[in-house]
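Chains, contacts and geometry: an overview
Spelled out from the first residue to the last, the chains are:
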Amino acid sequence: MASHADDELKPSTTEGYKVGEKKSVDEYAKLDAEDESLARWKQSLGIGSGSAGGSLGDPGDKRKVVILQLCLLISGRPDVVISLDTPAALEELGNKPFIIKEGAEYRMKVRFRVQHEVISGLRYLQLVKRKGIKVDKSDEMMGSYGPNTSETPYYEKIFSEEEAPSGMIYRGRYDAVSKFMDDDHNTHLEFKWNFDIKKSWD
């Protein structure tokens, strides 16, 4: 049975949009070889004769998307970088809240690797609560990606700028749940984390 958090983290949908048929990297490479626009699209995903470098990823690692890092980018301050590529790192994330100064403008950046197959419609979902009450929900489309190669060992995506709320009533602890999923509704990573809105950075 789906949890309440799962229901709240469902992605937005576009009426009439249908997910395309799933294909392997080899099938994409052989698809409509004479179609120039399709060839350019495949090359942008690292597929076909125009791409360079072998696909990365341990054949024994069944993950299709590996989230490597989550970063908090704040103008004038060092980036806060959190590793997400191991279970231990995820556990630590839940015990070490980010600190965000009230009124600060910031962006989130994610670094990730795609392996084994093309991922269509990768998106980032985030639900933020304070004292059990939902205060924010984000749904960011990241795009479609082919497997990373030695030439392009990872991808990075910077999300829209946000502004932390200001005022005494907004200070305190916020709990977040984040999820990376694709058009086929495969969840590639889901994790909990938290942050504190404070009057200063200290």
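Up top is the structure.
Keep in mind that what you see is a predicted model, and the values were worked out from it rather than measured.

Thresholds, definitions, all that
Residues numbered from 1 in each chain as written. Predicted model: local features only at pLDDT ≥ 70, side-chain atom pairs only at ≥ 80, totals over all residues. Heavy atoms only, no water. Helix = DSSP H or I, 4+ residues; strand = E, 2+ residues; numbered from the N terminus. Buried < 20%, exposed > 50% of the residue type's maximum accessible area, 1.4 Å probe, protein only. Contact = heavy atoms within 4.5 Å. Areas by Shrake-Rupley, 256 points an atom, 1.4 Å probe, with all protein chains shown as cover. Salt bridge = Lys/Arg side-chain N within 4 Å of Asp/Glu carboxyl O. Phe/Tyr/Trp six-rings, centres within 6.5 Å; stacked < 30°, edge-to-face > 60°. Polar contact = N/O pair within 3.5 Å; in protein donor to acceptor, adjacent residues only side chain to side chain. Core = buried A, V, L, I, M, F, W, Y, C linked by side-chain atoms within 4.5 Å. Pairing = 2+ DSSP bridges. Axes fitted to C-alpha atoms, helices over the stretch in contact; angles between N-to-C directions.

Digging into the overall build of the protein
- When helices and strands are counted, the protein shows four helices and ten strands.
- Listing the helices and strands of the protein from first to last along the sequence gives α-α-α-β-β-α-β-β-β-β-β-β-β-β.
- Here the protein holds 202 residues, and 36% of them are scored as buried.
- A separation threshold of at least 6 residues defines the contact pool for the protein, and within that pool the share at least 24 residues apart is 71%.
- With an accessible surface of roughly 11,800 Å², the protein has 49% of that area assigned to carbon and sulfur atoms.

Things to note about the pattern of salt bridges
- Counted by the stated rule, this structure contains eight salt bridges.
- Residues Asp196 and Arg173 are paired through a salt bridge, measuring 2.3 Å at the closest nitrogen-oxygen approach. Linking Asp196 in strand β10 (residues 187-198) with Arg173 in strand β9 (residues 172-181), this pair joins segments that are 23 residues apart in sequence.
- You can call Asp196 buried: its relative accessible area is 11%.
- Given the relative accessible area of 41%, Arg173 is considered partly exposed.
- A cluster of three or more residues bridged by salt bridges with shared partners is formed by Lys109, Arg111 and Glu156.

Focus on the packing of aromatic side chains
- Scanning the entire structure with this criterion turns up eight aromatic pairs.
- For the ring pair Phe112 and Tyr145, a centre distance of 5.0 Å and an interplane angle of 85° mean the geometry is edge-to-face. One end of the pair, Phe112, is in strand β4 (residues 105-114); the other, Tyr145, is in strand β6 (residues 133-145), with 33 residues separating them in the sequence.
- According to the relative accessible area criterion, Tyr145 is buried, its value standing at 12%.

Looking at the side chain of Arg123
- Its location among the elements puts Arg123 in strand β5 (residues 119-130).
- On the basis of relative accessible area, Arg123 is assigned to the buried category, the value being 12%.
- In terms of polar contacts, Arg123 uses its side chain to reach the side chain of Asp139, at 3.0 Å.

What to know about the nonpolar core
- Judged by nonpolar contacts, the single largest core of 32 residues is most densely connected at Phe112, Met142 and Trp193.
- Aside from chain neighbours lying at most four places away, what touches Phe112 is Val65, Val66, Ile67, Leu68, Leu122, Met142, Tyr145, Asn148, Tyr154, Tyr155, Glu156 and Lys157.

Things to note about unusual backbone geometry
- With a phi close to 80°, His116 is a non-glycine residue in the positive phi region.
- Locating His116 in the fold gives a position in the loop between β4 and β5.
- Even without glycine at this site, Lys131 takes up a positive phi of about 55°.
- Positionally, Lys131 belongs in the loop between β5 and β6.

Regarding the sheet that holds β6
- Spatially, β3-β10-β9-β5-β6 is the arrangement adopted by the five strands of the open sheet, whose pairing is mixed. The open sheet has two free edges, formed respectively by β3 (98-101) and β6, since each of these has just one partner strand. Each strand of the sheet is rotated relative to its neighbour by a mean of 25°, with strand direction disregarded.
- Two elements, β5 and β9, share seven bridges in a ladder whose sense is antiparallel. Opposite Lys129, over in β9, you have Asp175 as the bridge partner.

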